[in-house]
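Architecture and fold: a report
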Amino acid sequence: MQANDSIIVINAGSSSIKFSMYSGPALDLTMRGKIENLYSGVAHFIAQDEDNDVVGERHWRDGPLDHEGGMRFLIDFAQAHLDGHRVVAVGHRIVHGGVAHSRPVVLTAALVDELEKLVPLAPLHLPHNLAPVRSLLAMAPHVPQIGCFDTAFHVGQPAEAQEFALPANITALGVRRYGFHGLSYEYIASVLPQADAGLAHARVVAAHLGNGASMCAMDAGRSMASTMGFTAVDGLPMGTRCGALDPGVVLYLMQELGMDVAAVQKLMYQQSGLLGVSGISSDMRTLEQSDDPRAKAAIDLMVYRIGRELGSLAAALGGIDALVFSGGIGENSISLRAAVCQDAAWLGVQLDDAANVAVNGGGIVRISKADSKVAVWIVPANEELMIARHALEVVEAA
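What counts, and at which threshold
- Residues numbered from 1 in each chain as written.
- Predicted model: local features only at pLDDT ≥ 70, side-chain atom pairs only at ≥ 80, totals over all residues.
- Heavy atoms only, no water.
- Helix = DSSP H or I, 4+ residues; strand = E, 2+ residues; numbered from the N terminus.
- Rg over C-alpha atoms; globule rule 2.2 N^0.38 Å.
- Contact = heavy atoms within 4.5 Å.
- Lys, Arg positive; Asp, Glu negative; His and termini not counted.
- Charge placed at Lys NZ, Arg CZ, Asp CG, Glu CD.
- Salt bridge = Lys/Arg side-chain N within 4 Å of Asp/Glu carboxyl O.
- Buried < 20%, exposed > 50% of the residue type's maximum accessible area, 1.4 Å probe, protein only.
- UniProt positions renumbered as here; feature names shortened; annotations may be inferred.
- Pairing = 2+ DSSP bridges.
- Axes fitted to C-alpha atoms, helices over the stretch in contact; angles between N-to-C directions.
- Parallel < 35°, antiparallel > 145°, perpendicular 65-115°, else oblique.
- Left-handed = near helix turned anticlockwise from the far one by under 90°.
- Core = buried A, V, L, I, M, F, W, Y, C linked by side-chain atoms within 4.5 Å.

1. Looking at the overall build of the protein
Looking only at helices and strands, the protein features 15 helices and 14 strands. Scaling as 2.2 N^0.38, a compact globule of 398 residues should have a C-alpha radius of gyration of about 21 Å, and the protein matches this with 21 Å. Along the longest, intermediate and shortest principal axes, the C-alpha atoms of the protein span 55 × 55 × 45 Å. Counting only contacts in the protein whose residues sit at least 6 apart along the sequence, the fraction spanning at least 24 positions is 60%. Positive and negative side-chain charges in the protein, numbering 27 and 42 respectively, have mean positions lying 3 Å apart.

Here is the structure:
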């Protein structure tokens, strides 16, 4: 990797494409941006340089923009703003790798076809993760594309943490707990010891809390258990996803209420969670500003579920040395962190209220008291840098 070489990271969602450009051997962030409101409304693009100065912005007011159109624009924009840099690889966040893919890999048309078969396991994410890959294969086939899987970090979990109590022939088909947000947890595991060397071999529970939310138990930086399972709808309540649900509820919805598979899927993925309970919004910021008791009920339910999962994950580790908050909600919601820590006092968590309130974003910071038995940290999510690191490793190995 030369000083003028760059890696571009693509993180595509259902209605957005986020990108970052990392340059040189140190993978310095030199540009980042996003296109939002794909397929509906007025699509909006903005890009910023390493100093957060805006270097490009555009609105599409003449009709909806899709992933292919968005990628075509990003390629043209990148070529016009590379300023002497050479793109040596494009790294992609791929939510689900199934049983077969447990490490970063070069993406080909054949592999993308194979990954398409996993769409039922991540219907909200995987189609949109793969759409930019197909676009780039057609528009820039000479640029290596590296797929980094959110499930890969959890592959080494103990067998009992991965298996459901189902017949072996069903388990053999790949019906098991995969876990997600692995790139976020892998990043946390890589940087936490830099803040406190003692945490390199510690028992850590990390909570990635955003529109998608999960928690992971890590021992010496290795995943031991996670709240998400076969799909990304399991575990904690999320923005619009229900989280853990008795399978009998699904049977009831279908047998007694006459809902078909598509309706149940829409309910669990798009109409539940914070939005479903509150009836107001899936956005934690909106709920925290609301006086509606339903907003409080939604937040209280999420806090309660985090507390229950925290106890479960601490049990899986045989104890806990540190609790980490990450993701949009974890990094920005002062009140949610305070409520979770208050409920976790039985574990030895003592929050430093002043430190919790003073958090201003952007860095790794401890927010627990000096004598707290469990250290509490905030680690800003940075899946993109983790993807860039993996892409660089694959390119250099090749």
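2. What to know about the pattern of salt bridges
Taken as a whole and judged by the stated rule, the model has 12 salt bridges. Between E36 and K34 there is a salt bridge, with the nearest N and O atoms lying 3.6 Å from each other. The exposure class of K34 is partly exposed, given its relative accessible area of 32%. Note that D113 is salt-bridged to R134, the shortest N-O span being 2.8 Å. Of this pair, D113 sits in helix α2 (residues 109–116) while R134 sits in helix α3 (residues 126–139), and the two are 21 residues apart along the sequence. A cluster of three or more residues bridged by salt bridges with shared partners is formed by D113, E116 and R134.

3. A look at the UniProt feature "binding site: Mg(2+)" (unreviewed entry) in the protein
Taking the UniProt record as the reference, the feature "binding site: Mg(2+)" (unreviewed entry) is found at N11 and E383. Spatially, the listed residues are clustered: although they cover 373 residues, their C-alpha atoms lie within 9.0 Å of one another. Structurally, the position occupied by N11 is in strand β1 (residues 5–12). On the basis of relative accessibility, which here comes to 9%, the residue E383 falls in the buried class. When neighbours within four sequence positions are excluded, E383 is seen to be in contact with R93, L183, S184 and H208.

4. Thoughts on the sheet that holds strand β2 (residues 17–23)
As summarised here, the arrangement of the 8 strands in space is β5-β4-β3-β2-β1-β6-β8-β7, forming an open sheet in which the pairing is mixed. Strands at the two margins of the open sheet, each flanked by one partner only, are β5 (54–60) and β7 (105–106). Sheet topology places β1 next to β2; 7 bridges connect them, and they run antiparallel. Residue I10 lies in a different strand from β2, and its bridge partner there is F19. Strand contacts of α3: β1, β6 (86–94) and β8 (145–149), with the helix running at about 155° to β6, the strand carrying the most contacts.

5. Thoughts on the packing of α2 against α3
Orientation of α2 relative to α3, taken along the N-to-C sense of each, is 165°, at an axis distance of 11 Å. Considering their axes alone, α2 and α3 lie roughly antiparallel with respect to each other. As α2 packs across α3, the resulting crossing turns out to be left-handed. Across from A109, V112, D113, L115 and E116 in α2, the residues of α3 making contact are L126, L130, V133, R134 and L137.

6. A few points about the nonpolar core
The biggest cluster of nonpolar side chains holds 58 residues, and the ones touching the most others in it are L209, M302, L323 and L336. Filtering out sequence-adjacent residues up to four positions away, M302 remains in contact with L209, A213, P237, L274, M284, I329 and L336. Residues L27, V88, V324 and I387 belong to the second largest nonpolar core, which totals 34 residues.

7. Side note on the sheet that holds strand β11 (residues 222–226)
Pairing in this open sheet of 6 strands is mixed, and the strands run β11-β10-β9-β12-β14-β13 from one edge to the other. Here the strands that pair on one side only, and so sit at the sheet edges, are β11 and β13 (365–366). Relative to strand β14 (residues 375–378), β13 is paired through 2 bridges, and the arrangement is antiparallel. Each bridged residue has a counterpart across the sheet, and for V365 the counterpart in β14 is I378. Across the sheet, helix α13 (residues 334–343) is in contact with β9 (203–209), β12 (322–326) and β14; its angle to β12 comes to roughly 160°.

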